[in-house]
Amino acid sequence: MTELSSTGFPLTDFTPVASFLGGALIGLSAVLMLLVEGRIAGISGIASRLLPPYRDDGFAGRLAFIAGLIAAPFLVGAVTGAPVVQTVSSNLLLMLAAGLLVGFGAVWGGGCTSGHGVCGLARLSPRSFIATGVFMTTGFLTVFLMRHVIGG
Amino acid sequence: MSVLVNLALGLLFGLGLVLSGMSDPAKVLNFLDLAGSFDPSLAFVMGGAVLVAFLGYRLTLTRERPLLAPRFQLPTRRDIDARLIIGPALFGIGWGLGGFCPGPAFTALGLGEAGTLVFVPAMLAGMWAARALAERRG
């Protein structure tokens, strides 16, 4: 059983080294994307262009990138011998609303945690600093409301 | 060639998400829970990613062109409009509700949790709606 906090949410370990190294791999993927393809590695840009209308011939490459994302936890599981652990809410109405907001908001704002939060900040883009500041703020506020005002 | 490169880059990106813990919504939500079970790990994910990308982008952009494309395609916009506030504001609310942003949602897809299987199609529908609305408004 996962240990729970006093307010009933699963506790997670502070993992600065693994998180920094994992972040570095994300950054490396973004650098190689620019070096090889000349593009920004923004997941919402890649995923949203899997849907019509199609404006270029990049469909197969985008599908392959997403397939790589999907395959990653299975590679980790095969190498470490332990399945990847995660806790996803089983409140399906909440997850439906969350998915709609994340998808709409990412495309409407021209990027998500990867496009603005990693690639944009690394390019010192003023737009990305604003976008990242805004989604971090509403993220903090949403969790505060859900966990400490409304309650689980 | 490009397909294989993209598969490898997606895999590398996904390995980073899994190793860093960002693929676990519980860890994301604890990062966002400053007043409760705060877990600062995600600041280190962002730190590692931005540091490597910052240095790597500088090196890469000293080249004339990318290896497999005729030219670099970088965003050029610098204007601040309402969409740049409204979009990320909605995105952050959804992120705080579910603990998923787009990358981790895809790495979670094959693990088959019901919440993920609802989230990913809803996210794609939201993306499609935003593109359609943006095209109608011109």
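Just so it is clear, the structure is predicted and the values come from calculations on it, not from any experiment. Sequence order as written defines residue numbering, which begins from 1 separately in each chain. All chains are assigned letters beginning at A, and all ligands numbers beginning at 1, according to the order in which they are written. Reporting of local features is limited, given that this is a predicted model, to residues whose pLDDT is at least 70; pairs of side-chain atoms are given and counted only at 80 or more, and all residues count toward the totals for whole chains, interfaces and linings.

A. Spotlight on unusual backbone geometry. Residues and elements named next belong to chain A. A cis amide bond links P52 to the next residue, P53, at an omega of 0°. Structurally, the position occupied by P53 is in the loop between α2 (43-48) and α3 (59-80). For L124, which is not glycine, the phi dihedral falls at a positive 55°. Helix and strand definitions here come from DSSP, where helices need a minimum of 4 consecutive H or I residues and strands a minimum of 2 consecutive E residues; each element is numbered from the N-terminal end. Its place among the elements puts L124 in the loop between α5 (115-122) and α6 (126-149).

B. Representation of the nonpolar core within the structure. Working definition: the nonpolar core is a set of buried Ala, Val, Leu, Ile, Met, Phe, Trp, Tyr and Cys residues, joined through C-beta atoms within 7 Å. To assign burial, the other C-beta atoms lying within 10 Å of each residue's own C-beta are counted, with C-beta atoms placed from the backbone; 20 or more indicates buried, 12 or fewer indicates exposed, and intermediate counts indicate partly exposed. Judged by nonpolar contacts, the single largest core of 79 residues is most densely connected at A30(A), V102(A), A49(B), A53(B) and F119(B). We call two residues in contact whenever the C-beta atoms placed from their backbones are within 7 Å. In this view, V102(A) contacts F91(B), G94(B), W95(B), F100(B), C101(B), P102(B), M123(B) and G126(B); residues no more than four positions away in its chain are not counted.

C. Expanded view of the interface of chain B and chain A. Between chain B and chain A, the residue contacts involve 106 residues of the former and 105 residues of the latter. Elements that contribute at least two residues to the side of chain B that touches chain A include exactly α1 (2-20), α2 (25-32), α3 (41-60), α4 (83-98), α5 (102-109) and α6 (114-137) of chain B. Broken down by element, the residue count for the side of chain B that touches chain A peaks at 18 residues, all from α1(B). Side-chain classes are defined by residue name, with Ala, Val, Leu, Ile, Met, Phe, Trp, Tyr, Cys and Pro counting as nonpolar, Asp, Glu, Lys and Arg as charged, and the others, Gly among them, as polar. When the residues that make up the side of chain B that touches chain A are grouped by side-chain class, the tally is 68 nonpolar, 28 polar and 10 charged.

D. Here's a closer look at the packing of α3(A) against α5(B). Angles shown run from 0 to 180 degrees and are taken between the N-to-C directions of axes, each axis being a line fitted to C-alpha atoms and, for helices, limited to the stretch in contact. Direction vectors running N to C along α3(A) and α5(B) enclose 60°, while the axes themselves pass 6 Å from each other. Judged by the inter-axis angle, α3(A) sits oblique to α5(B). For α3(A) against α5(B), the interelement crossing comes out right-handed. Of α5(B), the residues touching α3(A) (which contributes I66(A), L69(A), I70(A), A72(A) and P73(A)) are G103(B), F106(B), T107(B) and L109(B). Of the residues assigned to the contact of α3(A) with α5(B), the class counts are seven nonpolar, two polar and no charged. Should an angle lie under 35 degrees it is considered roughly parallel, over 145 roughly antiparallel, and from 65 to 115 roughly perpendicular; all remaining angles are considered oblique. Two helices that cross are described as forming a left-handed crossing if the nearer one is turned anticlockwise from the farther one by less than a right angle, and a right-handed crossing if clockwise.

E. Quick look at the UniProt feature "transmembrane region" (unreviewed entry) in chain A. All names here are of chain A. Mapped onto the present numbering, the UniProt feature "transmembrane region" (unreviewed entry) falls on residues 20-42, 63-85, 91-108 and 129-150. From the first C-alpha to the last, residues 20-42 spans 19 Å; its make-up is 78% helix and 0% strand. Helix makes up 78% of residues 63-85 and strand 0%. Its end C-alpha atoms lie 25 Å apart. UniProt positions are given in the numbering used here, feature names are shortened, and annotations may be inferred rather than shown by experiment.

F. Region of interest: α4(B). All names here are of chain B. Helices are assigned an expected span. That span is 1.5 Å times one less than the residue count. Look at α4: 22 Å from first C-alpha to last across 16 residues, which is about the 22 Å you get at 1.5 Å a residue. Most of α4 sits out of view: 13 of its 16 residues are buried. Looking at the residues trailing α4, positive phi occurs at G99, about 80°.

G. A look at the environment of A114(B). Topologically, A114(B) is positioned in helix α6. A count of 13 C-beta atoms within 10 Å places A114(B) in the partly exposed class. Between the alpha carbons of A114(B) and S37(B) there is a distance of 25 Å; along the sequence they are 77 residues apart. Once you skip the residues sitting within four places of it in the chain, A114(B) turns out to touch S90(A) and L92(A).

H. Representation of the UniProt feature "transmembrane region" (unreviewed entry) in chain B in the model. All names here are of chain B. Taking the UniProt record as the reference, the feature "transmembrane region" (unreviewed entry) is found at residues 41-61, 82-100 and 106-130. Between the end C-alpha atoms of residues 41-61 the distance is 30 Å, and the span holds 95% helix and 0% strand. Here residues 82-100 is 84% helix and 0% strand, with 24 Å between the C-alpha atoms at its ends.

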